[in-house]
Amino acid sequence: MLITKRVEFSASHACRNPRLSDRENEELFGAAANPHGHGHNYVLEVTLEGEPDPVTGMVLDLKKLKELVQDEVVEKYDHRFLNFEVPPFDRVVPTPENIAIDVWRRLQPRFAGNGVRLHGVRVYETSDLYVDYFGESA
Amino acid sequence: MIRVTQKFRFSASHRLHAKGLSEDANRELYGKCNNPYGHGHNYEIEVTARGPVDETTGRAVDLRALERLVTEQVVGPLDQKSLNADVAEFQSTVPTTENLAVEIYQRLTQAWRSAFPGEWPVLEKVRIAETPRNIFEIGEAHVQK
C-alpha cells in the first residue's frame, strides 16, 4: 500500500550554475538565472510503501511521518535562499529535479528498518510543473 | 531517472456523434454530448517526460523545448477550435477524449525527436482532463509497439 504526505515550503532560488559565466547562465536559464533569485511556494509529496500494521491499522503513524519530513526537509528549506543557505545547492543548481533528488537522499535512510520504504518524492515548483523521483534504480 | 510533468491548457468544442450509428442511437448513446451544435471544454493536459538529470543544467528536460513542441503540435492546432470541423483526424473518428488522447500522444511522439534529438528525455505519458472529473491517460505502457 502507498501512503502520501503533502507538505509545503516557500524558498527562493536562482537557476545558475556557479561554474558557468553570467552570459551562459542567462542563455541557459533565461529569467530564472537572475542572481538575486526568485521564489516559489513548493509543494512536496512524500510517498511511502508498506503494509498496515495488524494492531494499529497504520502503515506509519502520519504524525511521525510529518515530523520526519518537517525535520529533514521543511526546517532546512523553508524561507531560505537555497543557493546560499542549503547545501548541496551551493554546487548543484536548485532545479526541482535536483530538489527531488536531495529530498530523497535526506529521507530515504530515515525509513530504513521501519517496515516501510520510501516509494517516491514529488516536488511541485508551481501547480503547472512538477517532478517525480523514485530513486536511482527507477 | 527523473520524471518531469508540465501542464498545458486549451479550450475546444466537440460533438460526439458516431457516423456508423443512427440519429436515435447517437442521441441515446451520447445524450447531451450529441447536441448538433456541439459544446466545449477547458482541456488540461499533463505531459510527462523521463530522463537523467544533466549535470550542468540540473534539468532532465529542456522546458523551453517542451513548451515549443506542445504549443506547435497540440495547443496551437487545437485551442479555440472545433475538434470535429477543424482537426483532420476527427473527420473520421469521434472526438471523445479517449480518441483525443491518442491523437495528442501520436502528435507528440512523431515530433518528439526533432524537439529532443538525443537519447533522453523520452515521452512517458500524456494525461488529459476533459473536466476536472473526467481524466484519461495514455503512455508507453498503453501503446502497442
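Coordinates for the structure precede this section.
Treat the numbers as computed from the prediction; the structure is a model and nothing was measured.

So what's going on with the overall build of chain A? Which residues, and what values?
Helices and strands together make up the secondary structure of chain A, namely four helices and five strands. Secondary structure of chain A in N-to-C order comes out as β-α-β-α-β-α-α-β-β. For the C-alpha atoms alone, the extent of chain A along its principal axes is close to 60 × 30 × 25 Å. Per-residue burial over chain A gives 29% buried out of 138 residues. If you take every contact in chain A between residues at least 6 apart in sequence, the share linking residues at least 24 apart comes to 67%.

If you had to explain unusual backbone geometry to someone new, which residues and values would you point to?
In the segment running from Pro87(A) into Pro88(A), the intervening peptide bond is cis, with an omega of 15 degrees. Here Pro88(A) shows up in the loop between α3 (82–85) and α4 (96–107). The omega angle of the peptide bond from Trp120(B) to Pro121(B) is -5 degrees, so this bond is cis rather than trans. One non-glycine residue with positive phi stands out, namely His79(A), at about 55 degrees. Positionally, His79(A) belongs in the loop between α2 (62–77) and β3 (80–81). The residue Gln80(B) is not glycine, and still its phi comes out positive at about 65 degrees. Within the secondary structure, Gln80(B) is located in the loop between α2 (63–78) and β3 (81–82).

Hey, could you go over the interface of chain B and chain A for me, with residue numbers and the actual values?
Taken residue by residue, the interface counts 13 residues in chain B and 15 residues in chain A. When its residues are assigned to classes, the side of chain B that touches chain A shows five nonpolar, five polar and three charged. Where strand β5 (residues 129–133) of chain A lies against strand β1 (residues 2–14) of chain B, five bridges are found, and the strand directions are antiparallel. Its bridge partner lying in β1(B), Tyr130(A) is registered against Thr5(B).

Explain α2(A) to me, using residue names and the numbers behind them.
Residue and element names in this part refer to chain A. Between its first and last C-alpha, α2 extends 21 Å over 16 residues, near the 22 Å set by a 1.5 Å rise per residue. The sharpest bend along α2 measures roughly 45 degrees and falls at glutamine 70. Leu65, Val69, Val73 and Tyr77 are the residues of α2 that are buried. As for α2, its buried residues are in contact with β1 (2–13), β2 (38–49), β3, α3 and α4. Of the residues one or two after α2, histidine 79 is the one with positive phi, at around 55 degrees.

About the criteria used
- Residues numbered from 1 in each chain as written.
- Chains lettered and ligands numbered in written order.
- Predicted model: local features only at pLDDT ≥ 70, side-chain atom pairs only at ≥ 80, totals over all residues.
- Helix = DSSP H or I, 4+ residues; strand = E, 2+ residues; numbered from the N terminus.
- Buried ≥ 20, exposed ≤ 12 C-beta atoms within 10 Å, placed from the backbone.
- Contact = placed C-beta atoms within 7 Å.
- Nonpolar A, V, L, I, M, F, W, Y, C, P; charged D, E, K, R; others polar.
- Pairing = 2+ DSSP bridges.
- Expected span 1.5 Å × (residues − 1).
- Bend = angle between axes of the 7 residues up to and from the residue.

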